[in-house]
Amino acid sequence: MALDFLSSLFKKKKEEEPTPQSEPIGLEELEEEVESRQENEQIMQIMERLNEIENEVPRIKISVDTLKKQIQELRDDIDRLDKTIKDVMMLYEVISQEINPFKEQMGQENPLSSEIQEIKRELEDLKLEIAQIKNDLKVIAGYGVDLDSIIYEVLAEV
């Protein structure tokens, strides 16, 4: 019953409304209306696409940040591996020099082995000097010389 009442109201309005007299529309006006509709549709499509892009930008930024972090971690790993490889190569050089029958030939060709030999010589020289200093201190202490005053005098001169 309610539907009948509502439908009768709508029917009356349709019947009561006078039908507007449409004036003849020119071809130019139709073309302009079609163009404006097409432009509106294009604008709506562009706006929709722009909204989609705006929604994707934060996700892309997070992905880029994650990739940057992973790349930095890979760089750090590569640096550690590089250092480890260099250490292993140095160890290999030292070991191979000790058991290599062509030691003299290799020593002339490899600057690393010559540096190692030079460091060994310097270490031996330092050991000898320390032993001499110990002996000298024992002798001086045996004569009852005040070592503290000598050390203070030497430090004052420096």
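Residues numbered from 1 in each chain as written. Predicted model: local features only at pLDDT ≥ 70, side-chain atom pairs only at ≥ 80, totals over all residues. Heavy atoms only, no water.

J.: Please explain the overall build of the protein as it appears in this structure.
T.: On a plain count of helices and strands, the protein comes out with five helices and zero strands. If you list the helices and strands of the protein from N to C, you get α-α-α-α-α. For the protein, the proportion of its 158 residues judged to be buried stands at 3%. Total accessible area on the protein is roughly 15300 Å²; 60% of this is exposed by carbon and sulfur atoms. (Helix = DSSP H or I, 4+ residues; strand = E, 2+ residues; numbered from the N terminus. Buried < 20%, exposed > 50% of the residue type's maximum accessible area, 1.4 Å probe, protein only. Areas by Shrake-Rupley, 256 points an atom, 1.4 Å probe, with all protein chains shown as cover.)

J.: I would appreciate a short explanation of the pattern of salt bridges in the present structure.
T.: By the definition in use, this model includes seven salt bridges. Residue Glu-124 is joined to Lys-127 by a salt bridge in which the shortest nitrogen-to-oxygen separation is 4.0 Å. A residue pair is termed a helical-turn pair when its members lie 3 or 4 positions apart in one helix, as Glu-124 and Lys-127 do in helix H4 (residues 111-142) at three residues. (Salt bridge = Lys/Arg side-chain N within 4 Å of Asp/Glu carboxyl O.)

J.: Help me understand the confidence of the model for the protein in this model?
T.: Close inspection of predicted coordinates is inappropriate in any region flagged by low pLDDT. For the protein, the average pLDDT comes to 79, and 77% of its residues sit at 70 or higher. Element-level pLDDT for the protein is lowest in helix H1 (residues 2-16), with a mean of 54, against a maximum mean of 89 in helix H2 (residues 27-99). Predicted confidence is poor over residues 12-16, with pLDDT under 50, and the contacts of this stretch with residues over four places away or in other chains come to zero contacts. (pLDDT = per-residue confidence, 0-100. Contact = heavy atoms within 4.5 Å.)

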